[in-house]
Amino acid sequence: MADTHRLTWADPGAYEASGPVLVGYCLLAVALGALVGQLVRRTLPAMAVAGLSTGAVMWAAGSLRWSILPVTTTTMPLSGNLARQAPASAFVTDTGLVTGSGERLPEYACWARTKNLTDCPADMNVTAWYTEFHPASHYWPTQLIETSIALALAALTLYAAFRLVRTGRA
């Protein structure tokens, strides 16, 4: 069992499948199917367009998901253990070095010059590590906000579909 991959709460797929956002996307897919079905009037092409549209919305939401809530940033001295900087359950989004002026450098900036992660040349003025992460407590707020967005899109799509029926274009 040591070789099995354990998904975390923030992993794509596991995130969508383990909360109410799945229901929101399903309802959005049904609404898109109703609208596109009225516009296209052919079953298979309408299903394809509705599926691709739902997939595009899910892809866009997935790429913006971790921008909804602000990240938590921690810093620690260069001599500290970087693995202990964020909780084990956290979703780490960025790690790097901080200079005395507050400028952020890539994680391996010192390695490029000294071949040692914690041995930085004095001219770089590196003072600490930084880590940006989402704590596990961001799971439910992010789920609920994303679900609300999906449901709002579903409502707008259904409104458009009912408008088509009302005007007789369907």
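In case you missed it, the structure is sitting above this.
Everything numeric in this text was worked out from a predicted model, so none of it was measured. Each chain has its residues counted from 1, running along the sequence as written. Confidence filtering applies because this is a predicted model: local features only for residues at pLDDT of at least 70, side-chain atom pairs given and counted only at 80 or more, and all residues used for totals across whole chains, interfaces and linings. Hydrogens and waters are ignored; side-chain quantities use all the structure's heavy atoms.

### Brief notes about the packing of helix α2 (residues 21-40) against helix α3 (residues 43-64)
Here comes step 1: Here α2 crosses α3 at 140°, and the two axes come no closer than 8 Å. Relative to α3, α2 is oriented oblique. For the crossing formed where α2 meets α3, the hand is right-handed. Along its contact with α2, which presents Tyr25, Leu28, Ala29, Leu32, Gly33, Val36, Gly37 and Val40, the element α3 presents Pro45, Ala46, Val49, Ala50, Ser53, Thr54, Val57, Met58 and Ala61.
Here comes step 2: Each residue gets one of three labels, nonpolar for Ala, Val, Leu, Ile, Met, Phe, Trp, Tyr, Cys and Pro, charged for Asp, Glu, Lys and Arg, and polar for the others, Gly among them. A per-class count over the contact of α2 with α3 returns 13 nonpolar, four polar and no charged. Only the stretch in contact is used when fitting a helix axis, every axis being a line fitted to C-alpha atoms; angles between N-to-C directions are given from 0 to 180 degrees. Runs of H or I in DSSP of at least four residues are treated as helices and runs of E of at least two as strands, each being numbered from the N terminus. Each angle gets one of four labels, with under 35 degrees taken as roughly parallel, over 145 as roughly antiparallel, 65 to 115 as roughly perpendicular, and the rest as oblique. Each crossing is labelled by how the near helix is turned from the far one, with a counterclockwise turn of less than a right angle marking it left-handed and a clockwise turn marking it right-handed. Whether two residues are in contact is decided by their heavy atoms, any of which lying within 4.5 Å being enough.

### Description of the pairing of strand β2 (residues 91-99)
Here comes step 1: At least two DSSP bridges between two strands are needed for those strands to be called paired. The sheet contact formed by β2 and strand β4 (residues 126-134) spans eight bridges and is antiparallel. Counted as the bridge partner of Val92 is Phe133 from β4.

### Section: the nonpolar core
Here comes step 1: Buried residues of nine kinds, namely Ala, Val, Leu, Ile, Met, Phe, Trp, Tyr and Cys, make up a nonpolar core once their side-chain atoms join them within 4.5 Å. Partly exposed residues are those whose accessible area sits between 20% and 50% of the maximum for their type, while under 20% is buried and over 50% is exposed, using a 1.4 Å probe and protein chains only. With 14 residues, the main nonpolar core has Trp9, Tyr15, Tyr25, Leu28 and Trp66 as its most contacted residues.
Here comes step 2: Looking at which element gives the most residues to this core, the answer is α2, with five residues.
Here comes step 3: Among all residues touching Tyr25, those that are not within four sequence positions of it are Thr54, Val57, Met58, Ala61, Glu146 and Ala150.

### Thoughts on the sheet that holds strand β3 (residues 104-106)
Here comes step 1: In spatial order, the strands read β1-β4-β2-β3; together these four strands make up an open sheet with antiparallel pairing. Each having just a single partner strand, β1 (72-77) and β3 make up the two edges of the open sheet. In this sheet, neighbouring strand axes are inclined to one another by 40° on average, regardless of whether the strands run parallel or antiparallel.
Here comes step 2: Pairing analysis gives three bridges linking β2 to β3, with the strands arranged antiparallel. Across the sheet, Val98 pairs through a bridge with Arg104, a residue of β3.

So far we have only geometry, and geometry alone does not tell us how the molecule works.
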